[in-house]
Every structure is written in structure tokens, then in C-alpha cells.
Protein chains: 2
Amino acid sequence: MSTVRAWASPGKDQALVAHQYEAGPLGADEAEITVEHCGICHSDLSVIDSEWGPAPYPVVPGHEVVGRVSALGANAHGLQIGQRVGVGWLAGSCMHCLQCLGGEQQFCRQQQPTIIGHHGGFAEKVRSHWAWALPIPDAIDAAAAGPLLCGGVTVFSPLLSFGVKPTHRVGVVGIGGLGHMALKFCRAWGCEVTAFTSSDSKKDEALALGAHRALSSRDKAQLKSAAGQLDFLLVTVNADMDWGSLLSTLAPNGRMHFVGMVMNPVGVSVGRLINGQRSVSGSPTGSRNDIATMLDFAARHGIAPQIERFPMSRVNDAIAHLREGKARYRVVLDADFA
Amino acid sequence: MSTVRAWASPGKDQALVAHQYEAGPLGADEAEITVEHCGICHSDLSVIDSEWGPAPYPVVPGHEVVGRVSALGANAHGLQIGQRVGVGWLAGSCMHCLQCLGGEQQFCRQQQPTIIGHHGGFAEKVRSHWAWALPIPDAIDAAAAGPLLCGGVTVFSPLLSFGVKPTHRVGVVGIGGLGHMALKFCRAWGCEVTAFTSSDSKKDEALALGAHRALSSRDKAQLKSAAGQLDFLLVTVNADMDWGSLLSTLAPNGRMHFVGMVMNPVGVSVGRLINGQRSVSGSPTGSRNDIATMLDFAARHGIAPQIERFPMSRVNDAIAHLREGKARYRVVLDADFA
């Protein structure tokens, strides 16, 4: 038994408060990680806000965790005490279902999200199945590594899964926490990259982040200027957009792919799909090995999120900053339980 | 110059009438085919009815044409006078754009549909670019070959384009002109095949056509019994369905694919796409070589549509039969201009 200090949401629409919980004995397959940094992802807000259904309060958010292994269960593999690791959206999966055995643990029906029915990383310590505590390459700055583990792999995994090629023209809709990493990954992937943003002020930033051009996602004429061009269009926003015009930016065989959880149904014209053999799809986080592959790629290409840091004790200020749309582009908390 | 006798729609909501037109000189790249048989496809009705926009009347429908080559332009390749050939949805494409040069002529922007701005196969003769007059293998019955050229390749092409494997579980929604051929192709492809039909009377027929099981497409409990199972779901209907329940029949990485031109937007839940990395897509007819590959596969596996035959002079009776939903499963006209 060990008492863990944390920051928790006590209920919907309430500020986070200092919270302690008893962690119980470490499972045989588990790793315990002493938290150093933890990113704040929009999904943390969605759970805190019960946006995806009633959350099991108190919720300890935080699923872009970086720290050092401080304890290992008897069956843990491949990790050493003191090693720097990261934990993302998933802290566990069953490891014996068809999906887990096939290397697609992100589809496991027994998957354990890090912050739903499990204590997340806004805390002194966090636990995960050993396989979901991934070693962080030395070349990646520890403070910046957190956002790669959820946001990063969420935009990277589709490049792997859907056969995006360096010769492709790709678009990224929404230049925020996810989108700004997507621009970097797609540029390093070798693609021609178009950024779509609703904020003119972000256009120059998008170019600096790796886009070859930046277009307004709200301006029909600018959307039309890209008609029929894109092989892959990654949607990182969760707001309603002009989906018809965005779909029309796709080339034959093109795909519009959602990683942002748009809550309203997207009205898709079947004619637009049939004409040009287009696809619309979505994906959650990546597999365990997608994360490892992404970290390796990020290290090789020097890709890191652009972050703003807050001490974890100022978590409510940090959340307010994010909610106000001010984050450029990802907020990271530095653990300061002392 | 030669006068061609045909059956034509003089305008929206009018019966077809006997019609003659001057064909003009044969183009250097064209083949002229003396029509023997021509299937009636739902797309013929859509054009006759101006359902996809105002049709350029008079319309000579018919784009599932089988006949013999009766004349060849100076630049025509690979065809012989007297050879049995077929023409499907497309009678021409530019052959020099990116898509044509890449073997995906069905995406050519200069494509020439057989029945829009061109005289179709409800006629003595029809013309096409030589590449779009495909030799019919001897093993395929000439009268039954027509429906393969449009409906057949439309359901076959996605199996090629989207990597459907013999180990996959596939579903076919709608057991009509397209769907009944899809059942045969998917069964021969080696897949486990589920038929979805709104008509209980078609369930036994679906099993006879190749389905391993037949479920109601209108019964939520039956749809639920297939939840999470299908790798590929081919939608051949053009009516509104319970798209949410159908999408839920997909396994992780599954795809719901439209070949029926559903006119109302399909409301897609992004959550359902993200959860399980699912896709929704569509495709038109296949490429020139998809048709050739399909004909070869059909010949090898003894696949032919189930047809009902009418003399072409009874074209209006045949159309009425199709409109009344009585066709089992494809109507073919036998040319009888005498």
C-alpha cells in the first residue's frame, strides 16, 4: 500500500483539487512510474467535463506522462528501475485477445485508459502495464516527450496505418495541440503539406511548423483552391466544419481522416465518395508499437511539440489557459509535489 | 454517315420511343459494335428520370452492351471485326491524363459515359473508344455478360481496390441487380459472406446465391447480432438505411463501402469511425483493366448474373418490370430491330 498525492477533478464543472489515494499493491505486470512531467490533452478536459458520458469522479487526469520507473511487478519485461519512460492514452490492454495478439492493442475491448477508471498522471506516481510504459529515447527532451505519447501518436499512427507515402499531398485541419505535431510529422515524412486553420494568425506559424502552404478552413474560395488535390486530409479539430468543401479537396483515392472527436454527426455525400473513390475514416490512439516507432522517428528527425510549462500545482491555471485557446501549442505540467 | 435505329427517352417521365440518329463518321480510335444484348441498370433509370440533374434528351440508354465488332477506326487496337465485345458505363476516356496513364481511367475528368452525351446500347449499334470495348471470354454466355460490364465490375472493383482478402468477413447490403452479383463474387473470392436484405423473401435466394447467412437490414436485433464482425460491408442500395447500425457491424479496421448512389447525406458518427479505425467510402465503375480482370474471374468461377430477358422492342415493359421491383435480378434486352 502506498499513498499517492495527486490533482483530481471532484466532479463536473469543478476546479481540480489536491487529492490523495491509496494505490494498493503493485500488480505483477505493472510498472510504477514517478512522474516528472505530464501534458494536458483535450481528452483530459473531455473526461473532466463528462463530455463523453458521466466520468467516474474523482478523476485524476493526465495521460501524457513522462517519468522514471520506480517499481516493477514480478512479470514486468524490458524495463529497468530508474529508466525514463512515458505512458499515453492507454495504461493497459488484455494482451491475450485477437487484437492484442495481432499488435493492435488500441482495439482491445479490455483496454484500460489511463484516466478512466484508473489514476492518471497529474500525480506523484502513475502505474501502467509494463508494455505501455515506453522507453523515451535520450534524444527527446523529457519535458517535451509527454505530448508525443498521446497527441503525437494519434496523428502519427494514421500515416502508418493508411499507407501515406512521401510522394503524397497531405492536409492538416486545425493547428493546435495535435495539428502542430501533425505538420512536423508530415513534413518529415516527405509529403507536400497544406495547413488548414480558422485563425489567420496561425498561418505564419503553420508555415514555420512545416506546412508548405496555409489556407483558411472557413473560406470557401481558399478551400476551392485546393479542390481535388489531397491524398490524405487529417482532421484534428473537434468542431463542426464545412465537411463537404473539405471532402472536395481530396484527389481520387483520397482519404479524409478524423482524429478529433467531432461530436455532431458528419453529413457525408455518397456522391462525393463514389466520385473519385474517396474514403472517410477515423482512428483512436496508436498501437503499443506505433508509439515506439513514432518515438524513434521523432528522435531521428528532431520532432518535438512546442510546449508551455506550468508547475503542476498551478494545474487550474494551465487548464484555463488551454480552455481559452491560448496554448501554443501544448501545455505540460512539471510535477512539484516536493 | 449511317443511320442508327434506337430506343430513346424523349424527355423526363416519358416512355421510350423508337428513334433514329445519324452516327456520323467513325472516329479513328473508335469501335462500332452491332448490339446483340443490353442490360438495364438502375443508372439508366436515373438518367432517364433526370435524377442526377437534367439529362440531355433524347437519351438512348443502355450501358451493359454486348455485341460484335462491326467496324474499327484506323487507330483501334486489339480488336477484330466480328469479335464479341462488351461496353459498360464508360465508352471513352482521354487516355492521356494522369489517371488514364495510371490505369485508373474511371477517374478521368474527360470520361465519356456511354449514355450521357453519347448514344447508348438500346440500339442497333453503339460506339466506344476501342479500349472500352472489352473482349468477352467464350466461357461467358453472351446474353448474361452485359450486366457484368457495369453492375458486375462496380461490385468487383472494390474487392481489388481495397485489398479484400479471402480470409475476410464481408457483408452485402441489398440483394438486387448489383447485390446478387456481389454475393457470387464474394463467395468465389473465398470470404465469409453475410447478406443484408429488407425483404424476408430474398433470404433463401441470398443463401442460394452464395451467402453463408442472410440477415434483415431493417431489424435492429439482427443487425446487432453481426456487431463488430465485418471487415468489408458493400452497400448496393440507394435508399436510406440505418447507417449507424450497419457501421456497427464493422470489425476493427472495417470499411463500409458505397456503390449505390444514396441521394441523401449519410450521417456518420465520428466516434464510430475513431473507435475501431473504421472507414466509409465509395467507388464508381472500375478501371478498364478491372473490367478485364473481372471478366476473367467470372469466366473461371462460372459467375453470371441471374437474368430475365425481354425483346428490345418491349423495352418499356422491361423498364416497368424493373421499376416495380420485380426483376430477379437483372433485366436484359435482346436486340430485335430485324
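**Some points on the overall build of chain A**
- Within chain A one finds 10 helices and 18 strands.
- Over its C-alpha atoms, taken along the principal directions, chain A stretches across nearly 60 × 40 × 35 Å.
- Taken across its 338 residues, chain A has 57% of its residues classed as buried.
- The contacts of chain A with a sequence gap of at least 6 include a subset with a gap of at least 24, amounting to 65%.
- For chain A, the exposed area adds up to about 12,600 Å²; of that, 50% sits on carbon and sulfur atoms.
- For chain A, the separation between the mean place of its 28 positive charges and that of its 29 negative charges on side chains is 7 Å.

**Topic: the packing of helix α3 (residues 142–161) of chain B against helix α4 (residues 177–188) of chain B**
Residues and elements named next belong to chain B.
- In the contact formed by α3 and α4, the axes pass within 9 Å of each other and the chain directions differ by 50°. Relative to α4, the element α3 lies oblique. Where α3 crosses over α4, the two elements pack in a sense that is right-handed. Taking contact as the criterion, the partners of Pro 147, Leu 148, Gly 151, Gly 152, Thr 154, Val 155, Phe 156 and Leu 159 in α3 are, on α4, Leu 178, Met 181, Ala 182, Phe 185 and Cys 186.
- Here the contact of α3 with α4 is composed, by residue class, of 10 nonpolar, 3 polar and no charged.

**Side note on unusual backbone geometry**
- The amide bond that connects Tyr 57 of chain A to the next residue, Pro 58 of chain A, takes the cis arrangement and shows omega of -5°.
- In the segment running from Arg 328 of chain A into Tyr 329 of chain A, the intervening peptide bond is cis, with an omega of -5°.
- Inspection of the secondary structure puts Tyr 329 of chain A in the loop between α10 (315–323) and β18 (330–334).
- Unlike most non-glycine residues, Met 95 of chain B shows phi in positive territory, near 70°.
- Along the chain, the position of Met 95 of chain B falls in the loop between β6 (90–92) and α2 (98–101).
- Given a relative accessible area of 26%, Met 95 of chain B falls into the partly exposed group.

**So, the confidence of the model for chain A**
- Summing up the model confidence of chain A, the mean pLDDT is 97 and the portion of residues at 70 or higher is 100%.
- With a pTM of 0.95, the predicted complex shows an ipTM of 0.93.

**Some points on the pattern of salt bridges**
- Per the stated rule, a full pass over the model turns up 29 salt bridges over all chains.
- Measuring nitrogen to oxygen at the nearest pair gives 2.9 Å for the salt bridge that ties Glu 124 of chain B to Arg 5 of chain B. Separated by 119 residues along the polypeptide, Glu 124 of chain B in the loop between β7 (112–113) and β8 (125–129) and Arg 5 of chain B in strand β1 (residues 3–8) bring together distant segments of the chain.
- By relative accessible area, Arg 5 of chain B is classed as partly exposed at 31%.
- By sharing partners, the salt bridges in this structure join Glu 36, Arg 68 and Arg 84 of chain A into a single network.

**With respect to the domain arrangement of chain A**
All names here are of chain A.
- Parsing chain A into structural domains produces domain 1 (3–135 + 306–334) and domain 2 (153–282).
- Inter-centroid distance (C-alpha atoms) of domain 1 to domain 2 is 28 Å.
- Listed as interface residues are 7 residues of domain 1 and, on the opposing side, 13 residues of domain 2.
- Overall, the association of domain 1 and domain 2 removes approximately 870 Å² of surface from exposure, summing both partners, and the carbon and sulfur fraction of that is 53%.
- Put simply, domain 1 and domain 2 have 1 salt bridge between them.
- Glu 205 is paired through a salt bridge with Arg 328; the nearest N and O atoms lie 3.7 Å apart.
- At the surface where domain 1 touches domain 2, the tally comes to 3 residue pairs in polar contact (both at pLDDT 80 or more).
- Tallied by class, the residues present in the side of domain 1 that touches domain 2 amount to 2 nonpolar, 2 polar and 3 charged.

**Some remarks on the side chain of His 257 of chain A**
All names here are of chain A.
- Checked against the element boundaries, His 257 lands in strand β14 (residues 250–258).
- A distance of 2.8 Å separates the side chain of His 257 from the side chain of Ser 281, its partner in a polar contact.
- Excluding residues within four positions of it along the chain, His 257 makes contact with Pro 158, Phe 162, Phe 232, Leu 233, Leu 234, Val 235, Ser 281, Gly 282 and Ser 283.

**Observations concerning the pairing of strand β16 (residues 279–282) of chain B**
- Neither face of β16 of chain B is left uncovered, since the one carrying Ser 279 and Ser 281 of chain B and the one carrying Val 280 and Gly 282 of chain B both have all their residues buried.
- Relative to β16 of chain B, strand β16 (residues 279–282) of chain A runs antiparallel, the two sharing 3 bridges. Paired with Ser 279 of chain A across the two strands is Ser 281 of chain B, which belongs to β16 of chain B.
- Here strand β14 (residues 250–258) of chain B pairs with β16 of chain B via 4 bridges, running parallel. Bridged to His 257 of chain B within β16 of chain B is Ser 281 of chain B.

**Concerning the relation of the copies chain B and chain A**
- Between chain B and chain A, which share one sequence, the superposing operator has a rotation angle of 180° and an axial displacement of 0.0 Å; the RMSD is 0.0 Å. The operation mapping one copy onto its partner corresponds to a two-fold rotation axis. No C-alpha of chain B approaches the rotation axis more nearly than that of Gly 267 of chain B, which lies at 2.2 Å.
- A high fraction, 100%, of the interface residues of chain B reappear at the interface in chain A, so the copies pair face to face through one surface.

**A few points about helix α3 (residues 142–161) of chain A**
All names here are of chain A.
- The end-to-end C-alpha distance of α3 is 27 Å, a good match for the 28 Å that 20 residues give at a rise of 1.5 Å each.
- Along α3, the helix axis deviates most sharply at Leu 148, where the bend reaches about 50°.
- Taken across its 20 residues, α3 has 18 buried, putting it largely inside the fold.
- Remark: Gly 163 follows α3 within two positions and exhibits a positive phi of approximately 65°.

**Quick look at the interface of chain B and chain A**
- At the junction of the two partners, chain B supplies 33 residues and chain A supplies 33 residues.
- Carbon and sulfur atoms supply 60% of the area buried between chain B and chain A, which totals about 2,500 Å² over both sides.
- For the pair chain B and chain A, the interface holds 0 salt bridges.
- Counting across the chain B and chain A interface gives 9 residue pairs in polar contact (both at pLDDT 80 or more).
- When contributions to the side of chain B that touches chain A are tallied by element, the ones reaching two or more residues are β14, β15 (266–268), α8 (270–274) and β16 of chain B.

**Overview of the pairing of strand β8 (residues 125–129) of chain A**
All names here are of chain A.
- Burial runs high along β8: 4 of the 5 residues are buried.
- Taken together, the 5 bridges between strand β3 (residues 30–40) and β8 define a ladder with antiparallel strand orientation. Across the sheet, residue Ala 31 finds its bridge partner in β8, namely Ser 128.

**Remarks on the packing of aromatic side chains**
- This structure, assessed with the given rule, holds 14 aromatic pairs over all chains.
- Ring centres of Trp 243 of chain A and Phe 258 of chain A lie 5.0 Å apart, and the angle between their planes is 65°; this geometry places the pair in the edge-to-face category. Of the two residues, Trp 243 of chain A sits in helix α7 (residues 243–247) while Phe 258 of chain A sits in strand β14, which places them 15 residues apart along the sequence. Like Phe 258 of chain A, Trp 243 of chain A is buried.
- Relative to Phe 297 of chain B, the ring of Trp 189 of chain B lies with its centre 5.5 Å away and its plane at 55°, an arrangement referred to as tilted. You can see Trp 189 of chain B sitting in the loop between α4 and β11 (192–197) and its partner Phe 297 of chain B sitting in helix α9 (residues 288–301), a full 108 residues away along the chain.
- Accessibility expressed as a relative area gives 10% for Phe 297 of chain B, which makes it buried.
- By way of ring pairs, the aromatic residues Phe 156, Phe 185, Trp 189 and Phe 297 of chain A are connected into one cluster.

Rules of the game
Residues numbered from 1 in each chain as written. Chains lettered and ligands numbered in written order. Predicted model: local features only at pLDDT ≥ 70, side-chain atom pairs only at ≥ 80, totals over all residues. Heavy atoms only, no water. Helix = DSSP H or I, 4+ residues; strand = E, 2+ residues; numbered from the N terminus. Buried < 20%, exposed > 50% of the residue type's maximum accessible area, 1.4 Å probe, protein only. Contact = heavy atoms within 4.5 Å. Areas by Shrake-Rupley, 256 points an atom, 1.4 Å probe, with all protein chains shown as cover. Lys, Arg positive; Asp, Glu negative; His and termini not counted. Charge placed at Lys NZ, Arg CZ, Asp CG, Glu CD. Axes fitted to C-alpha atoms, helices over the stretch in contact; angles between N-to-C directions. Parallel < 35°, antiparallel > 145°, perpendicular 65-115°, else oblique. Left-handed = near helix turned anticlockwise from the far one by under 90°. Nonpolar A, V, L, I, M, F, W, Y, C, P; charged D, E, K, R; others polar. pLDDT = per-residue confidence, 0-100. Salt bridge = Lys/Arg side-chain N within 4 Å of Asp/Glu carboxyl O. Domains from an automatic or database assignment. Buried area = accessible area lost by both parts, 1.4 Å probe. Polar contact = N/O pair within 3.5 Å; in protein donor to acceptor, adjacent residues only side chain to side chain. Pairing = 2+ DSSP bridges. Least-squares fit on C-alpha atoms with pLDDT ≥ 70 in both. Expected span 1.5 Å × (residues − 1). Bend = angle between axes of the 7 residues up to and from the residue. Phe/Tyr/Trp six-rings, centres within 6.5 Å; stacked < 30°, edge-to-face > 60°.

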